[in-house]
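Secondary and tertiary structure notes
Listed here are the chains, written in short residue letters.
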Amino acid sequence: MRGILQQLRSGPLIDSLIAVLLAAAVLSIVVALIGHNPITVLSLFICGGLGDLESVYGTLMSSMPLIFSGLSLALAFRAGLFNIGGEGQLFVGGFAAALAGHYLNPGPMTAVLMMVVAAAAGYAWAMVPIAIRLYRGAHEVIGCIMMNYIAINLCMWLVRGPFRAEASTEKTPPIQPGGWWPTLDTVGATDFNAAFFISLIVAALLYWLLFRLPFGFELRAAGANQGAAAAAGINVRGTLILTFGLSGALAGLGGAAEVSGVFGSFYSQFSPGYGFDGITVALLGRNHPAGVVAAALLFGLMRNASKLLQFEAEISSDIIFLFQGIVIFALLAARPIRRTIAARMSRRA
Amino acid sequence: MSLPETGPRPVVRMTGIRKRFGETEALRGVDFTAYKGFINAVIGENGAGKTTLMKVLFGLLHSDAGELEVNGNRIAGSHSARRAIALGIGMLQQHFSLVPAFPALENIILGCEPVRGIQIDRRQALQRLDEIFAELGGGVDPNRPIAELSVSERQLVEIARMLFTGAEILIFDEPTATLAPQEIENLYRLLRRLADEGRTVILITHRLREVIKHADMVTVLRRGIVTAGFEREEMNEERLIGAIVPEAADLLAVKERELPNVDERAEPVVELRGVDCTDKESRTTLSGVSLRLRPGEILGIAGVTGSGQKELAEAVIGLHPPAAGSILLSGRDVSRLGAKDRRKLGVVYIPEDRFADGVIPPFSLVLNRLLGDHRVPRLRCRGSYRMNLLREDVKDKVGKYHIDAGDPDASLASLSGGNQQKLMLARELDREPRLIVAHGPTRGLDVVAARRCYERMLELASQGDAVLLISTELEDLLTYAHRIAVLFAGMLIDAGASSELDARKIGLLMTRGSAA
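If you're wondering where the values come from, they're calculated on a predicted model, not measured in any experiment.

Some words on the overall build of chain B
Of the regular secondary structure elements, chain B holds 18 helices and 24 strands. For chain B, the proportion of its 516 residues judged to be buried stands at 47%. Look at the contacts in chain B between residues 6 or more apart in sequence, and 69% of them connect residues 24 or more apart.

Following this line, the structure appears as structure tokens:
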């Protein structure tokens, strides 16, 4: 626990807080310009995200896919790689999990099996761009974007064609009862599913990997200085391949968690771009698993509250995407701001 | 132009300069004067504040207190590099700052391009460059990309760039660190020429012999204050060392080194048999290199920068498999083993460029210490690293290797360059090595630290370690190596026992490949 605090202490945590405040300030101006009271909007966010037990559950469930994709991006960033293919890995992971959950039936182990299948699918999908990068030199971002198109369109075709369960919706056949993680509580229309805790367990495991295991040290060293890592006997290429694969697996797990915890099948609209949102989540979370969870909770809250915002104030839910975008710019501004404040304070002292 | 009869004219006057970085005070009230037409040297140990002082002068750093006067005018308000350049100050930094893909001309005019209308005036630029090269007494083809130039040619380009901006006060930070002996002589000839033409040369260096031979004035810094200043006729090695590090004068007084005995019949620690290496584009980087090192033996490798030194070091430590030939460690063929396995067999490596291949500046001291040992079971306990053990170990090394550092969890980047180097040395040399591959191990170290580094290597050699010492500092090779070999265009030429060699003979081998 001390380690986590130490990692977050000083610069990075403060930077992220400054970025959130700065982005909120900019957003307030935008809200005011379109004729709303920023204070009202803020209170709607808080009401809609934390107001009662139902909205808390909704916030946690909305955060879950963001935690997975944020962890996926954070892991790759730690090794100096940019896994912008999270969306595609999420799709193939979710689709593979849905098929496994329908056709295989190892009783209560079905949900675990679905996660394994989804992780393997995400891992395999990530192999293509990283192999092209390391053996042929084409940047992984290009390969990832290509693989996203292939994944998304392939899954769409499969769910509309061969694996369509019923004519009315674009869904695969439902998973076995054993494929569901247990629902812990239901308030109103919101189920709070145990899958949320899987995301926290995965975050803890990733922390352990990154900061406690030799492999985590190796991937961070390779990400920070490939030459020094190689001279220290680290197999840089192997490390990068495995890291990128694991990053893909994490994104794939996010797909499985949505299938096992929310939808019960693969649904064509099951991701509004979670794989891409992971970029903002990882950046705001400073590529630290605890930071990722915190950032995902923040964005999850906003997503969940956006329904209320739309209903009460008729502000489009797109405002949260605006916020996510501003956060990225605010992160860039945060460091100089922190330095200026620190310099002022030390001068006064 | 010649010196006015009335004595040297101060061009730069810095008084009471103070600069603090967080907890440490790098400059604690420094007075420094540089004279027109002089080579003004600034010396001192690692972290003494030399580079910091010059960065203040060049406007790269803001001083916390003190006054700066250039050409008799007080510089008030905030100083900046832009303003410094406008005042006629130029600085050649420790690390090259050229764009490798750009031709020499474009690098030189970068930042102050002569224009006609809205276009860059190439003809005028070339004309002025011709004048500058004529003034420097040498030049390079303006159309050749920097990447194709040698280290000394790049330096010439950097100097031309300073003159192109109209600099009259020229700061050189460790300009001879990467040059061959002949190139060093040429550089000093050039510096003298610039000074004689009425420019002011400020020279930061660790090499006392060069200061004594070439400088007109020297200012000695120690822990952020000026401890002494000497004029040309007052300088000698003992005085300078006494001013730089009074407590280490004894250590440096010993001139002759006793090298460890080598048993000629012992099994070699490392042996290379006809090793060829190629780079990614299949160009030959090493051809037919053979060498043999017995326990306790120190082999010095000299050569002009870029003759295959890095490739040789990387072939021995296992980063690149040889294209032909074989590498043996204690009689075992390891040609196909990677760096990880060779490390296990006791090969340690001190790379030439610690930033590229040695350390990770944003990581803490502890994590940098851990690098390369991160799979050692002893350092792990119950699924995690034994951080307290590692912290203690770093503290031990900080004491043992005289590293100027406090918190083991602070980032390595918070240390001065010399202290980063010392931590890397400590990490590698304390690993119970069998073979030490050291490429410019004293780069950035002051005289005392450099001496300590070599003392430690001699100690390890006397315990039976073999040392492959690659360096451009011929004096060091002659002092500390049993034998010297010269790399010339990827070939290794045995020069013989160091007791029968001198710098001139090695220099000939370096530049021509033969002593004739």
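Observations regarding the overall build of chain A
Looking only at helices and strands, one finds 14 helices and 2 strands in chain A. A globule of 349 residues ought to have a C-alpha radius of gyration of about 20 Å, and chain A, at 21 Å, matches this closely. Along the first, second and third principal axes, the C-alpha set of chain A runs to 70 × 60 × 35 Å. Going through the 349 residues of chain A one by one, you find that 50% of them count as buried. Nonlocal contacts in chain A, meaning residues at least 24 apart in sequence, comprise 77% of its contacts between residues at least 6 apart.

Things to note about the pairing of strand β1 (residues 183-187) of chain A
All names here are of chain A. Burial analysis of β1 places just 0 of its 5 residues in the buried class, which makes it a mostly uncovered element. Pairing between β1 and strand β2 (residues 190-193): 4 bridges, direction antiparallel. Note on β2: the bridge partner recorded for Asp 185 is Phe 192. Adjacent in sequence and paired antiparallel, β1 and β2 are bridged by 2 residues, among which Gly 188 carries a positive phi angle near 60°.

Notes on the confidence of the model for chain B
Confidence in the prediction for chain B averages 88 pLDDT; 96% of positions are at 70 or higher. The ipTM, which scores confidence in the relative placement of chains, is 0.81 for this predicted complex, and the corresponding pTM is 0.79.

Description of the sheet that holds strand β24 (residues 491-497) of chain B
All names here are of chain B. Strand order in the open sheet made by the 6 strands is β18-β21-β22-β15-β23-β24, with mixed pairing throughout. At either end of the open sheet lies a strand with only one pairing partner, and these are β18 (347-350) and β24. Adjacent strand axes in the sheet meet at a mean angle of 20° when their direction is disregarded. In the sheet, strand β21 (residues 435-439) pairs with strand β22 (residues 466-470) via 5 bridges, with the strands oriented parallel. Note that in β22 the partner of Val 437 across the bridge is Leu 468. On top of the sheet, helix α18 (residues 503-512) reaches β15 (298-302), β23 (483-488) and β24; it is set at about 25° to β23, its chief contact.

Examining the nonpolar core
What tends to happen in soluble globular proteins is that the nonpolar side chains get buried as a cluster. By size, the foremost hydrophobic cluster in this structure holds 258 residues, and its most contacted members are Leu 468 and Leu 469 of chain B. Looking at which element gives the most residues to this core, the answer is helix α4 (residues 53-78) of chain A, with 12 residues. If we skip the residues at most four places from it in the chain, Leu 469 of chain B touches Ile 298, Leu 299, Gly 300, Ile 301, Ala 438, Leu 477, Tyr 480 and Ala 481 of chain B.

Notes on the environment of Gly 66 of chain B
All names here are of chain B. Tracing the chain through its elements places Gly 66 in strand β4 (residues 65-70). Considering only alpha carbons, one finds Gly 66 and Gly 274, 208 residues apart in sequence, at a separation of 60 Å. Look past the residues within four positions of Gly 66 in its chain and what remains in contact with it is Met 14, Thr 15, Gly 16, Ile 17 and Arg 18.

What about the domain arrangement of chain B?
The parts lose accessible area when they come together, and the size of an interface is often stated as this lost area. Here the domain parsing of chain B yields domain 1 (10-88 + 168-248), domain 2 (94-167), domain 3 (254-346 + 433-516) and domain 4 (361-431). With centres defined by C-alpha atoms, the gap from domain 1 of chain B to domain 4 of chain B works out at 32 Å.

Looking at the interface of chain B and chain A
Residue-level contacts link 23 residues of chain B with 14 residues of chain A. Going through the elements one at a time, α11 (339-344), α12 (354-357) and β20 (384-385) of chain B are the ones with two or more residues in the side of chain B that touches chain A. The element contributing the most residues to the side of chain B that touches chain A is α11 of chain B, with 3 residues.

Describing the pairing of strand β3 (residues 39-43) of chain B
The side chains of a regular strand alternate between both faces of the sheet. Residue and element names in this part refer to chain B. The buried fraction of β3 amounts to 5 of the 5 residues, a majority that puts the element mostly inside the structure. Burial along β3 is two-sided: Ile 39, Ala 41 and Ile 43 and Asn 40 and Val 42, pointing in opposite directions, are all buried. Bridge analysis of β3 against strand β10 (residues 200-204) gives 4 bridges, and the strand direction is parallel. In the sheet register, Ile 39 faces β10, and the bridge partner there is Val 201. As judged from the 4 bridges shared by β3 and strand β11 (residues 217-222), these two strands associate in the parallel manner.

Thoughts on the confidence of the model for chain A
Here chain A averages 89 in pLDDT, and 96% of its residues register 70 or above. Residue range residues 4-9 of chain A is modelled with pLDDT below 50. Its contacts to residues more than four positions away, or to other chains, number 6 contacts.

So, unusual backbone geometry
At Arg 286 of chain A, a residue that is not glycine, the phi angle is positive and equals roughly 55°. Secondary-structure assignment places Arg 286 of chain A in the loop between α12 (274-284) and α13 (289-313). With a phi angle near 55°, Asn 71 of chain B is a residue other than glycine that sits in the positive phi range. One can find Asn 71 of chain B in the loop between β4 and β5 (73-74).

With respect to the environment of Gly 296 of chain B
Residue and element names in this part refer to chain B. Inspection of the secondary structure assignment puts Gly 296 in the loop between β14 (284-293) and β15. Taking the C-alpha atoms as reference, Gly 296 lies 32 Å from Ser 416; in sequence the two are 120 residues apart. What Gly 296 contacts, discounting residues up to four positions off in sequence, is Pro 260, Asn 261, Val 262, Ala 461, Ser 462 and Gly 464.

Describing the sheet that holds β10 of chain B
Residues and elements named next belong to chain B. Strand order in the open sheet formed by 6 strands is β6-β9-β10-β3-β11-β12, with mixed pairing between adjacent strands. The sheet is open, and its two edges are formed by β6 (89-92) and β12 (225-231), each paired on a single side. Strand-to-strand twist in this sheet, taken as the mean axis angle between neighbours without regard to direction, amounts to 20°. Bridge analysis of strand β9 (residues 169-173) against β10 gives 5 bridges, and the strand direction is parallel. In the strand pairing of β10, Phe 172 is matched with Leu 203.

What to know about helix α8 (residues 237-244) of chain B
Taken together, the buried positions of α8 of chain B are Leu 240, Ile 241, Ala 243 and Ile 244 of chain B. All buried residues of α8 of chain B project into a common sector of 165° when viewed along the axis, lining one side.

Focus: the packing of helix α6 (residues 110-136) of chain A against helix α7 (residues 140-160) of chain A
All names here are of chain A. At their nearest, the axes of α6 and α7 sit 8 Å apart, and the two run at 150° to each other. In this view, α6 runs roughly antiparallel relative to α7, as classed from their interaxial angle. As for how α6 packs across α7, the hand of that crossing is right-handed. Across the interface between the two elements, Trp 125, Val 128, Pro 129, Ile 130, Ile 132 and Arg 133 of α6 pack against Glu 140, Gly 143, Cys 144, Met 147 and Ala 151 of α7. When its residues are assigned to classes, the contact of α6 with α7 shows 8 nonpolar, 1 polar and 2 charged.

Looking at the environment of Tyr 135 of chain A
Looking at the element boundaries, Tyr 135 of chain A is found in helix α6. A sequence separation of 41 residues divides Tyr 135 of chain A from Gln 176 of chain A, and the C-alpha atoms of the two residues are 41 Å apart.

Conventions adopted
- Residues numbered from 1 in each chain as written.
- Chains lettered and ligands numbered in written order.
- Predicted model: local features only at pLDDT ≥ 70, side-chain atom pairs only at ≥ 80, totals over all residues.
- Helix = DSSP H or I, 4+ residues; strand = E, 2+ residues; numbered from the N terminus.
- Buried ≥ 20, exposed ≤ 12 C-beta atoms within 10 Å, placed from the backbone.
- Contact = placed C-beta atoms within 7 Å.
- Rg over C-alpha atoms; globule rule 2.2 N^0.38 Å.
- Pairing = 2+ DSSP bridges.
- pLDDT = per-residue confidence, 0-100.
- Axes fitted to C-alpha atoms, helices over the stretch in contact; angles between N-to-C directions.
- Core = buried A, V, L, I, M, F, W, Y, C linked by C-beta atoms within 7 Å.
- Domains from an automatic or database assignment.
- Arc of directions from axis to C-beta.
- Parallel < 35°, antiparallel > 145°, perpendicular 65-115°, else oblique.
- Left-handed = near helix turned anticlockwise from the far one by under 90°.
- Nonpolar A, V, L, I, M, F, W, Y, C, P; charged D, E, K, R; others polar.

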